[in-house]
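Understanding the architecture of this molecule
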Amino acid sequence: MSIVAPSLLAANFLKLEDECKMVNASEAEWLHLDVMDGQFVPNISFGIPVIEHVRKATTKFCDVHLMIETPENLVSAFKKAGADSIIIHYEVCANLHRNIQQIKELGMKAAVAINPHTPIFMLDDILADLHHVLIMTVNPGFGGQEFIPHSLKKVEKLRRMIDERKLDVLIEVDGGITVENAQSLVNAGADVLVAGNTVFSSADPKETIKKLKACSR
Ligand SMILES: O=C(CO)[C@@H](O)[C@H](O)COP(=O)(O)O
């Protein structure tokens, strides 16, 4: 069974409480929260005050994906807002090891995201310090984009790297995940499926979450 993480970016922002209730009542274990700064990615989403409110409405593990520059300046504010895990981008962190330690010292699970152009081997010396790795399967910044097929190979490579070293690191995939392609990602080695539009634009979101969750290796 996979871990499903609905991405709130695709929710109806006028009805966030209802959207959280729907996720609470579903089989999803995580809620994925996309924070964008308009600098690292060409879009702005939501930030700390929204996450503080969502935290009160959700019973799920809050997985906060920081698509921002200098994430280290805001990590403790996101902890206060209720984050359970923080994902920072490999591409913006000159002191990645230090930044990961900072997240862990604050009592959160630490994760690194890599963009479609960043090879898996860049994670070689940080992998053992992570709770999960987020492989971006679209270019970050927008929901509703098409899955980049090459990502499957990256998931396979990372799975091999984790298994060969007998590490306990989860692989999360994010972007263009659908009920149709989810099983192939899980076969390749993914553990956590982030899904925005597939869930929130679905006629029956809870049933869609159930179908994603049923994907297993
Ligand atoms: O981080 C991002 C986009 O930058 C994702 O989390 C999207 O929110 C996924 O949306 P869908 O592709 O599933 O609609």
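Structure's up top.
Presented here is a report on the structure given in the accompanying data block. (Residues numbered from 1 in each chain as written. Predicted model: local features only at pLDDT ≥ 70, side-chain atom pairs only at ≥ 80, totals over all residues.)

**Here's the deal with the nonpolar core**
In plain terms, the rule: By convention in this section, buried Ala, Val, Leu, Ile, Met, Phe, Trp, Tyr and Cys residues joined through C-beta atoms within 7 Å make up a nonpolar core. To sort residues by burial, count the other C-beta atoms lying within 10 Å of each one's C-beta; a count of 20 or more means buried, 12 or fewer means exposed, and anything in between means partly exposed. C-beta atoms are built from the backbone. Comment: elements are numbered from the N terminus, with helices defined as DSSP H or I runs of at least four residues and strands as E runs of at least two. C-beta atoms are placed from the backbone for every residue, and two residues are taken to be in contact when these atoms lie within 7 Å.
If you look at the biggest cluster of nonpolar residues, it comprises 62 residues, and the most contacted ones within it are V64, I86, L185 and L193. With 5 residues, the top contributor of residues to this core is strand 2 (residues 30–36). Among all residues touching L185, those that are not within four sequence positions of it are L152, V155, V173, I177, A190 and L193.

**Things to note about helix 5 (residues 151–164)**
For clarity, the cut-off: Given a helix with a known number of residues, its expected span is that number minus one, times 1.5 Å. The reported arc concerns the directions from the helix axis to the C-beta atoms and nothing else.
For helix 5, with 14 residues, the first-to-last C-alpha span of 20 Å sits near the 20 Å given by 1.5 Å per residue. If you check which residues of helix 5 are buried, you get S151, L152, K154, V155, L158 and I162. Seen along its axis, helix 5 keeps its buried residues to an arc of 155°; they face one direction. Away from its buried face, by an angle of more than 90 degrees, helix 5 presents the exposed residues K153, R160, D163 and E164. Of the surrounding secondary structure, the elements contacted by the buried residues of helix 5 are strand 6 (132–136), strand 7 (170–174) and helix 6 (182–188). Just downstream of helix 5 lies K166, where phi reads positive at about 55°.

**Remarks on the environment of I177**
Tracing the sequence through the fold places I177 in the loop between strand 7 and helix 6. The spatial distance from the C-alpha of I177 to the C-alpha of G144 is 9.3 Å, given a sequence separation of 33 residues. Sequence-distant contacts of I177, that is, excluding residues within four places in its chain, are made with T137, F147, A182, L185, L193, V194, A195 and T198.

**With respect to unusual backbone geometry**
Unusually for a residue other than glycine, T70 sits at a positive phi of about 40°. Positionally, T70 belongs in the loop between strand 3 (61–67) and helix 3 (75–81). With 16 C-beta atoms packed within 10 Å, T70 lands in the partly exposed category. Although it is not a glycine, K166 adopts a positive phi angle of roughly 55°. Note that K166 resides in the loop between helix 5 and strand 7. K166 gets classed as exposed once you count the C-beta atoms within 10 Å, which come to 6.

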